[in-house]
Amino acid sequence: MTTLRIRDAVKRYPNGVEAVKGVSVDVGDGELVVFVGPSGCGKSTLLRMVAGLEEVTEGEIELSGRVVNALEPADRNIAMVFQNYALYPHMTVRGNLAYGLRNRGTPKPEIAAKVEEAARMLQIAEFLDRRPSQLSGGQRQRVAMGRAIVRDPAIFLFDEPLSNLDAKLRNQMRLEIKKLQRRLGRAAIYVTHDQVEAMTLADRIVVLNGGRIEQVGTPTEVYSRPASTFVASFIGAPPMNLVDAQLDDDGLQVAGQVVAHDSAHRGPVTLGIRPERAHLVAGGAGLDIEVAVVEELGAHRLIHAHLGGHEVTVAQSADEPVPAGRMVLSFRPEDLHLFDRGTGVRI
Amino acid sequence: MTRVRLTDHLVLILGVLLMMGPLVVAFLTSTHDHVEIHREGMQFTLGAEFAETYATVLTREGGFTGEITGLLMTQNSLILGIGFAVGKIVISMLAAYAIVYYRFPLGTFFFWVIFSTLLLPLEVRILPSYEVAQQLGLLNSYTGLIVPLIASATGTFFFRQFFKSVPDELLEAARIDGAGPVRFFFEILVPLSRTMIAAIFIIMFVVGWNQYLWPTIMTTEEQYFTLVRGIKNVMQQMIGADIPFYNEALAMAVLAMLPPAVVILVFQRMFIKGLVEQEK
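Values in this document were obtained by computation on a predicted structure and should not be read as measured data. (Residues numbered from 1 in each chain as written. Chains lettered and ligands numbered in written order. Predicted model: local features only at pLDDT ≥ 70, side-chain atom pairs only at ≥ 80, totals over all residues. Heavy atoms only, no water.)

This brings us to the overall build of chain A. When helices and strands are tallied, chain A shows eight helices and 20 strands. Out of the 347 residues in chain A, the part that is buried amounts to 51%. Partitioning the contacts of chain A with sequence separation of at least 6, the portion at a separation of at least 24 is 65%. Separation of charge centres in chain A, based on 40 positive and 43 negative side chains, amounts to 9 Å. (Helix = DSSP H or I, 4+ residues; strand = E, 2+ residues; numbered from the N terminus. Buried < 20%, exposed > 50% of the residue type's maximum accessible area, 1.4 Å probe, protein only. Contact = heavy atoms within 4.5 Å. Lys, Arg positive; Asp, Glu negative; His and termini not counted. Charge placed at Lys NZ, Arg CZ, Asp CG, Glu CD.)

Spelled out as structure tokens, the structure:
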């Protein structure tokens with residue numbers, strides 16, 4: 001079953017700017033879909049269209065089998081967690097959690113039960129009578145999630161909920177969100193610009209760029225078979241090395257060197273290789289490169305090297321000897337990604 | 001924290017003396033007999049007539065018709081001060097709410113129209129205002145005293161700035177929680193604005209309490225007289241009599257000052273909070 005179906009959604013502002021240019025995505029029952037992309041790619045706008053906070057210019061949003069385009073946010077059976085928490089500062093935590101239910105006319109005993117349950121689940125029971133201003137960032141985030149949980153929605157919408165937390169807390173909360181979502185078994189959309197969050201949380205990732213979908217797939221698919229140079233450079237840290245190359249009858253021409261390649265494609269291409277899939281060896285088959293800078297990161301290190309006029313990054317374990325001078329960049333043929341140089345689309 | 005120095009205290013003490021001195025003298029003088037005041041001028045000691053003078057001022061039926069007492073004037077002043085402040089707050093909050101949260105054609109234009117009325121204080125438009133109030137039959141009524149004065153560009157401007165600083169996410173969260181425009185206003189915006197409301201209440205209460213010109217032309221019946229007008233009356237009445245009742249006039253002035261002072265004392269913590277702190 002599908003919880004949410006977005007069909008050809010377009011968002012056009014009165015001044016003619018198109019933030020979302022015809023996007024179709026399905027979110028299955030219990031599935032966590034992450035919208036990821038750089039700022040201004042339309043991911044938040046798309047989420048807000050689902051929430052009903054932005055009007056849909058064209059297309060349809062169908063939630064649990066009914067088109068919700070014309071419905072108010074409160075009538076859509078959604079719950080949203082905001083980036084800045086958006087807690088009501090003058091209400092206690094209990095008041096914050098109960099507010100939506102109270103407005104719906106839920107009976108008081110039922111509200112109390114739901115609030116208690118959510119508070120227990122999120123370990124905020126002891127803060128129920130405090131004001132948001134008396135809570136830490138992480139606790140506020142929990143309250144914001146609690147407010148979403150008590151509504152018992154068909155789908156959870158997360159709008160960069162962790163971006164205001166420090167790095168350590170962010171990792172911890174990320175895991176908790178995932179556990180919670182699994183436990184509740186509800187569909188969720190999670191918007192972020194952080195590709196690490198996207199990779200770790202998602203059942204499926206939707207990579208957006210300039211109001212269009214670049215690729216939809218599981219984290220593994222998006223990582224190992226990026227559909228375009230944009231996805232290739234956006235997903236993965238450090239980003240994939242992209243080098244101009246030429247395919248002809250001899251193989252792949254890179255910076256004056258030739259590597260055997262069995263592609264039937266001919267012409268200018270962009271060659272992509274992940275830093276963690278490339279190796280530096282003293283000799284053998286591969287591309288000659290010149291090591292420039294070595295960055296030690298503890299468990300592993302990054303080596304920045306020159307390949308012709310291009311800079312190439314290689315990641316290797318810190319156990320390996322530190323490379324220096326002229327080395328050979330070696331890789332398995334299946335780890336090479338080829339993209340059309342003009343369109344950036346995968347070949 | 002810097003160290004507290006003696007000179008700081010001296011400056012502050014001087015300020016207090018300067019501000020409070022005349023009040024104290026007025027109060028002390030008001031407790032003396034009017035003949036004594038007439039003979040010896042302002043008094044610097046506590047006299048024996050405190051209870052008598054103040055009781056007279058509050059309860060004597062004065063004026064030509066004998067309909068007005070000090071107590072009644074205090075009540076009128078309170079009605080004017082509170083009505084004025086509350087009316088201004090209600091009107092300007094609603095106006096600011098419309099301007100900030102509703103996108104209607106020419107919204108900004110209307111805001112500036114409201115704002116430009118700052119250039120047209122009551123004194124400038126007093127004849128047309130009177131004409132309108134008179135045609136509506138509002139002369140000699142509390143409605144007439146209050147309503148023509150409660151449109152407030154200042155209040156609208158303050159509330160507009162405050163509402164603009166309330167994060168949009170709060171509105172969105174409220175929409176998702178099923179709060180319509182009315183609920184959002186009363187259950188989110190009003191509680192958030194309470195320090196702001198307190199601050200504006202203080203200012204407007206004092207302004208309303210001190211109104212002199214408008215009540216003077218709007219009300220001719222003595223039962224609507226306010227304290228501020230009463231002070232003048234006490235003096236005026238006595239012209240022609242042997243010695244003016246200075247003590248009673250001063251007592252009335254002291255009484256007229258008390259309610260605004262009490263309001264400021266009660267609300268001052270919220271007032272300062274409203275000015276310096278944004279609880280969000």
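Our next topic: unusual backbone geometry. Residues and elements named next belong to chain A. That bond from Ala-237 to Pro-238 is cis: its omega, -5°, falls within 30 degrees of zero. Mapped onto the fold, Pro-238 is located in the loop between α8 (229–234) and β11 (241–248). One non-glycine residue, Gln-123, lies in the positive phi region at around 55°. Structurally, the position occupied by Gln-123 is in the loop between α3 (108–122) and α4 (137–150). Its identity is not glycine, yet Asp-152 carries a phi of approximately 55°, on the positive side. Positionally, Asp-152 belongs in the loop between α4 and β7 (155–159).

What follows is about the pairing of strand β19 (residues 326–330) of chain A. Residue and element names in this part refer to chain A. Most of β19 is tucked away: four of the five residues are buried. Note: strand β15 (residues 279–281) against β19, three bridges, orientation antiparallel. Across the sheet, His-279 pairs through a bridge with Ser-330, a residue of β19. Judged from the four bridges that link them, strand β16 (residues 287–296) and β19 form a sheet pairing that is antiparallel. Pairing of Leu-287 across the sheet is with Leu-329, part of β19. (Pairing = 2+ DSSP bridges.)

With that settled, the discussion passes to the layout of surface pockets. Take a probe with the size of a water molecule and roll it over the atoms, and the empty space left behind shows itself. Considering only enclosed or pocket space, the largest pocket measures out at about 1,200 Å³ in volume. Leu-53 of chain A together with Tyr-101, Arg-103, Leu-171 and Arg-175 of chain B are, among the 40 residues lining the largest pocket, the residues nearest its centre. Among the secondary structure elements, those contributing two or more residues to the lining of the largest pocket are β1 (2–12) of chain A together with α4 (70–101), α5 (107–116), α8 (153–165), α9 (168–176) and α10 (181–192) of chain B. Of the residues contributing to the lining of the largest pocket, the split by class is 21 nonpolar, six polar and 13 charged. (1 Å grid on protein atoms, 1.4 Å probe; cavity = no way out; pocket = protein on both sides within 12 Å on 5 of 7 lines; lining within 4 Å. Points joined across faces, edges and corners; volume = space filled by probe spheres on them. Nonpolar A, V, L, I, M, F, W, Y, C, P; charged D, E, K, R; others polar.)

The next subject is the domain arrangement of chain A. All names here are of chain A. Taken domain by domain, chain A consists of domain 1 (2–233) and domain 2 (240–340). Centre-to-centre, using C-alpha coordinates, domain 1 lies 39 Å away from domain 2. Contact residues are listed per partner, giving nine residues for domain 1 and eight residues for domain 2. Across the domain 1 to domain 2 interface the summed buried area is about 680 Å²; carbon plus sulfur atoms make up 60%. The largest per-residue losses of area from domain 1 upon contact with domain 2 belong to Tyr-223, Thr-229 and Ala-232, which jointly make up 69% of the total buried on that side. Linking domain 1 to domain 2 there are zero salt bridges. On the surface where domain 1 and domain 2 come into contact, there are two residue pairs in polar contact (both at pLDDT 80 or more). Taken together, the elements giving at least two residues each to the side of domain 1 that touches domain 2 come down to α7 (219–224) and α8. Of the residues belonging to the side of domain 1 that touches domain 2, the class tally is five nonpolar, four polar and no charged. (Domains from an automatic or database assignment. Buried area = accessible area lost by both parts, 1.4 Å probe. Salt bridge = Lys/Arg side-chain N within 4 Å of Asp/Glu carboxyl O. Polar contact = N/O pair within 3.5 Å; in protein donor to acceptor, adjacent residues only side chain to side chain.)

Another aspect to go through is the interface of chain B and chain A. Of the residues lining the interface, 18 residues belong to chain B; the matching set on chain A comes to 25 residues. Both sides together, the interface formed by chain B and chain A hides about 1,900 Å², and carbon and sulfur atoms give 54% of it. Contact with chain A buries area across many residues of chain B, yet Glu-169, Ile-176 and Asp-177 of chain B alone supply 37% of it, more than any other trio. Remark: the boundary between chain B and chain A carries three salt bridges. In this structure, Glu-172 of chain B engages Arg-48 of chain A in a salt bridge whose closest nitrogen and oxygen atoms are separated by 2.7 Å. Our count for the contact surface shared by chain B and chain A stands at twelve residue pairs in polar contact (both at pLDDT 80 or more). Secondary-structure elements contributing two or more residues to the side of chain B that touches chain A are α9 and α10 of chain B. For the side of chain B that touches chain A, the element with the highest residue contribution is α9 of chain B, accounting for seven residues.

Scanning the entire structure with this criterion turns up 27 aromatic pairs over all chains. A centroid spacing of 6.3 Å and a plane angle of 50° characterise the contact between Phe-27 of chain B and Tyr-54 of chain B, whose relative ring orientation is tilted. Linking Phe-27 of chain B in helix α1 (residues 6–30) with Tyr-54 of chain B in helix α3 (residues 50–59), this pair joins segments that are 27 residues apart in sequence. Given a relative accessible area of 30%, Phe-27 of chain B falls into the partly exposed group. When its relative accessible area of 9% is taken as the criterion, Tyr-54 of chain B is described as buried. Counting every residue linked through ring pairs, the aromatic cluster contains Tyr-97, Tyr-101, Tyr-102, Phe-159, Phe-162, Phe-163, Phe-184, Phe-185 and Phe-186 of chain B. Over the ring of Tyr-88 of chain A we find Arg-147 of chain A; its NZ or CZ atom is 5.0 Å from the centre of that ring. Cation over ring: Arg-160 of chain B sits above Phe-111 of chain B, and NZ or CZ is 3.9 Å from the ring centre. (Phe/Tyr/Trp six-rings, centres within 6.5 Å; stacked < 30°, edge-to-face > 60°. Lys NZ or Arg CZ within 6 Å of the ring centre and 35° of its normal.)

Residue and element names in this part refer to chain B. On the surface, Val-16, Leu-18, Met-19, Met-20, Leu-23, Val-24 and Met-257 cluster together into a nonpolar patch covering about 670 Å² of accessible area. Here Met-257 shows up in helix α14 (residues 246–276). Residue Met-257 is classed as partly exposed on the basis of its relative accessible area of 35%. (Patch = residues over 30% accessible without salt bridge, like charges linked within 9 Å, V, L, I, M, F, W, Y side chains within 5 Å. Areas by Shrake-Rupley, 256 points an atom, 1.4 Å probe, with all protein chains shown as cover.)

Once that is clear, we can look at the sheet that holds strand β10 (residues 212–217) of chain A. Residue and element names in this part refer to chain A. A sheet is described by the order of its strands in space; here six strands give the open sequence β6-β7-β8-β3-β9-β10, paired in mixed fashion. What marks the edges here is a single partner per strand, and that holds for β6 (78–81) and β10. Strand after strand, the sheet turns through a mean of 20° between neighbouring axes, direction not considered. The sheet contact formed by β6 and β7 spans four bridges and is parallel. Paired with Val-81 across the bridge in β7 is Phe-158. Its contacts with the sheet place helix α5 (residues 167–184) against β3 (32–36), β7 and β8 (187–192), and it is angled at close to 160° to β8. (Axes fitted to C-alpha atoms, helices over the stretch in contact; angles between N-to-C directions.)

Turning to the pattern of salt bridges, a few remarks are in order. All names here are of chain A. All chains considered together, the criterion is met by 27 salt bridges over all chains. A salt bridge links Arg-94 to Glu-116; the nearest nitrogen and oxygen atoms lie 3.3 Å apart. With Arg-94 in helix α2 (residues 93–104) and Glu-116 in helix α3, this pair connects stretches of sequence that are 22 residues apart. Arg-94 gets classed as partly exposed once you look at its relative accessible area, which sits at 32%. Note that Asp-244 is salt-bridged to Arg-341, the shortest N-O span being 3.8 Å. Taken together, the residues Asp-244 in strand β11 and Arg-341 in the segment after β20 (337–340) connect sequence positions 97 residues apart.

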